[in-house]
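Secondary and tertiary structure notes
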Amino acid sequence: MAGRLDLDLYNVLTGFGWARERGELIKATIDPRFLLRARRALFPLPIVDRPGVVDADVFPPFRRRPVSAFEGRRVALIAGGGAGACVSLIGVRRAFEEAGVEPALITACSGGTIWGAMWAAGMSAEQMTEFSLSWHLEDYLDIQWAKVPRYAAAALKGFTGLAKGEAIERTFNERFGSLMVGELSVPLESIVYDMDRGTVDYFGSASKPDLTLGRLVRIAIALPLFIESVEVDGHLYVDGGIIELLPAEPILRDGGFDHVFGVNFMLPPQLEPEDITGWQDKRMGILKASRQAEQGVQLEFASRLRATLGSRLTIIDAADHRLLRGPAFYDLFIDRSRWPALIRDGYERATRAFDALRRAPRVPASPKSRKLATRGARKTPPTRRAPTAHA
């Protein structure tokens, strides 16, 4: 194209990714159920679109199955990103309850922060299920159609996203009140991206203790162009999952965790990239290669994490990563009818991971963990438990 000077390798790969996504969108539009769900989400009709009831009875009877390998050990949890598929973290929480394992720190991004925040606030898996499945779309997503003409007339001046995040912040504030992240039962750190200065940071119990839980979750769902950025201390922030899907820097900086569980929703199983050798000889093979290239940075981060932690890292593939391809990434977030199945799947997958560890020898204690054990429990700020009902 005449006048275009930005056709470097990165933009070429991005272009192929764009073409693949458009193809997946076209295929999705053939499905009338997807079109109906999208219409309800984007253009709800007051009388026609009555909120459906989602059954919150998703778990089998509680079965205590302790894992002796982690008794008295410091454990950390990484709750990765993956939009609506991250609701399966509730099932992971149930498996942790049955195993008698409680993390001493949760790091998260994107949807992992939504449900990781509930966990960190002291909610049980049953409470998380009841809370999440009671939502209606307007409780966590609000499209600001009325402002679109104004943004268009102003050449997108002031535009940072089609949807606002106020709804989910309001929903969390109604449930948790003014609970600050520095008051959580389990410390939580969520990766964020500074859109103004192009830097990655963490907001949470240690770094931003005076931030409300609702505001932290709102930042975690902020997505460039789709959900507007959130201002904190004069700068605009979005979900840091656009940079790293399994954020672990606070865990590595602590250096005293005996074991780390990484909950993966979006990357290939066990963080192993697919071998697509021969793609160039297949029809439309370049589109498959573009997907591989798009995940390359994320998988490299994950590979370095594995190399650093070694046997101290267990990856729980809490959802089928193929569910998040193309428009399904957004569909899982707006279609709550699929959440109970995702929660059950997360529980079953995490339970299988613990089953493999129940036969393992006791996890060695790190030097820091031994030091903390001899000194007794560390002094921590007073915590506030999750309320059992809406305020």
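Residues numbered from 1 in each chain as written. Predicted model: local features only at pLDDT ≥ 70, side-chain atom pairs only at ≥ 80, totals over all residues. Heavy atoms only, no water.

**Some details on the overall build of the protein**
Check the secondary structure of the protein and you find 14 helices and 11 strands. With 391 residues in all, the protein has 49% of them scored as buried. Within the protein, counting contacts between residues at least 6 apart in sequence, those at least 24 apart form 81% of the total. When the accessible surface of the protein is totalled, it reaches about 19,400 Å², and 57% of it is carbon and sulfur. (Helix = DSSP H or I, 4+ residues; strand = E, 2+ residues; numbered from the N terminus. Buried < 20%, exposed > 50% of the residue type's maximum accessible area, 1.4 Å probe, protein only. Contact = heavy atoms within 4.5 Å. Areas by Shrake-Rupley, 256 points an atom, 1.4 Å probe, with all protein chains shown as cover.)

**Here's the deal with the packing of aromatic side chains**
Within the structure shown, the criterion is met by 15 aromatic pairs. An angle of 85° between the planes, with centres 5.5 Å apart, marks the rings of Trp 115 and Trp 339 as edge-to-face. One end of the pair, Trp 115, is in helix α4 (residues 110-120); the other, Trp 339, is in helix α13 (residues 339-357), with 224 residues separating them in the sequence. On the basis of relative accessibility, which here comes to 0%, the residue Trp 115 falls in the buried class. Residue Trp 339 is classed as buried on the basis of its relative accessible area, which comes to 0%. One cation-aromatic arrangement involves Arg 74 over Phe 257; the distance from NZ or CZ to the ring centre is 4.1 Å. Arg 175 extends its terminal NZ or CZ atom over the ring of Phe 131, reaching a point 5.1 Å from the ring centre. (Phe/Tyr/Trp six-rings, centres within 6.5 Å; stacked < 30°, edge-to-face > 60°. Lys NZ or Arg CZ within 6 Å of the ring centre and 35° of its normal.)

**Let's talk about the pairing of strand β2 (residues 105-108)**
What you see with β2 is no split at all: Leu 105 and Thr 107 on one side and Ile 106 and Ala 108 on the other are buried throughout. Crossover connection from strand β1 (residues 75-79) via helix α3 (residues 89-99) to parallel β2: handedness right-handed. Strand direction decides the pairing type here: β2 and strand β5 (residues 188-194), joined by 3 bridges, are parallel. Each bridged residue has a counterpart across the sheet, and for Thr 107 the counterpart in β5 is Glu 189. (Right-handed = clockwise from strand over helix to strand, strands pointing away. Pairing = 2+ DSSP bridges.)

**As for α13**
Taking 1.5 Å per residue as the helical rise, α13 with its 19 residues ought to reach 27 Å, and the 27 Å between its terminal C-alpha atoms agrees with that figure. Listed in full, the buried residues belonging to α13 are Trp 339, Pro 340, Leu 342, Ile 343, Gly 346, Tyr 347, Ala 350, Thr 351, Ala 353, Phe 354 and Leu 357. (Expected span 1.5 Å × (residues − 1).)

**Observations concerning unusual backbone geometry**
Residue Ser 110 is not a glycine yet carries a positive backbone phi of 50°. In this structure, Ser 110 sits in helix α4. Located in the positive-phi region is Gln 270, a residue other than glycine, with phi close to 55°. Mapping Gln 270 onto the fold places it in the loop between β10 (259-264) and α10 (285-294).

**Quick look at α3**
Among the 11 residues in α3, 11 count as buried, and that is most of the element. Those residues of α3 that fall on the buried side of the exposure criterion are Leu 89, Ile 90, Gly 91, Val 92, Arg 93, Arg 94, Ala 95, Phe 96, Glu 97, Glu 98 and Ala 99. Each element contacted by the buried residues of α3 is listed here: β1, α4, α5 (125-133), β10, β11 (313-317) and α13.

**Side note on the environment of Ile 251**
Following the sequence through the fold, Ile 251 ends up in helix α9 (residues 249-254). Residues contacting Ile 251, with those up to four places away along its chain left out, are Ala 76, Leu 77, Ile 78, Leu 105, Thr 107, Phe 257 and Val 260.

**Quick look at the pairing of β1**
Across the 5 residues of β1, 5 count as buried, placing the element largely inside the fold. Residues Val 75, Leu 77 and Ala 79 line one face of β1 and the alternating positions Ala 76 and Ile 78 line the opposite face, and both faces are buried. As defined by bridge partners, β1 adjoins β10 across 5 bridges and the pair is classed as parallel. Across the sheet, Ala 79 pairs through a bridge with Val 263, a residue of β10. Pairing geometry for β1 and β2, over 4 bridges, is parallel. Note on β2: the bridge partner recorded for Ala 76 is Leu 105.

**Brief notes about the packing of α4 against α5**
Where α4 contacts α5, the two axes come as close as 10 Å, and the packing angle between them is 135°. With respect to α5, the element α4 is oriented oblique. Relative to α5, α4 is oriented so that their crossing is right-handed. Within the contact between the two elements, α4 uses Trp 115, Met 118 and Trp 119 and α5 uses Met 128, Phe 131 and Ser 132. Classifying every residue of the contact of α4 with α5 by side-chain character gives 5 nonpolar, 1 polar and no charged. (Axes fitted to C-alpha atoms, helices over the stretch in contact; angles between N-to-C directions. Parallel < 35°, antiparallel > 145°, perpendicular 65-115°, else oblique. Left-handed = near helix turned anticlockwise from the far one by under 90°. Nonpolar A, V, L, I, M, F, W, Y, C, P; charged D, E, K, R; others polar.)

**Section: the pattern of salt bridges**
This structure, assessed with the given rule, holds 17 salt bridges. A salt bridge links Asp 233 to Lys 208; its shortest N-O distance comes to 2.2 Å. Taken together, the residues span a long stretch of sequence, with Asp 233 in the loop between β8 (230-232) and β9 (235-239) and Lys 208 in the loop between β6 (199-204) and α8 (213-221) at a distance of 25 residues. For Lys 208, a relative accessible area of 22% corresponds to the partly exposed category. The salt bridge partner of Glu 228 is Arg 218, with a shortest N-O separation of 3.2 Å. Taken together, the residues span a long stretch of sequence, with Glu 228 in the loop between β7 (225-227) and β8 and Arg 218 in helix α8 at a distance of 10 residues. In this structure, Glu 228 and Arg 218 share a single accessibility class: buried. Through salt bridges with shared partners, a single network forms among Arg 65, Arg 94, Glu 98 and Glu 126. (Salt bridge = Lys/Arg side-chain N within 4 Å of Asp/Glu carboxyl O.)

**Considering the packing of α3 against α5**
For the pair α3 and α5, the least separation of the axes is 8 Å and the interaxial angle reads 165°. Comparing the axis directions of α3 and α5 gives the class roughly antiparallel. Of the two possible hands of crossing, α3 and α5 adopt the one that is left-handed. For the pair formed by α3 and α5, the contact residues are Ile 90, Arg 93, Arg 94 and Glu 97 on the first element and Ala 125, Glu 126, Met 128, Thr 129 and Ser 132 on the second. Among the residues making up the contact of α3 with α5, the classes are represented as 3 nonpolar, 2 polar and 4 charged.

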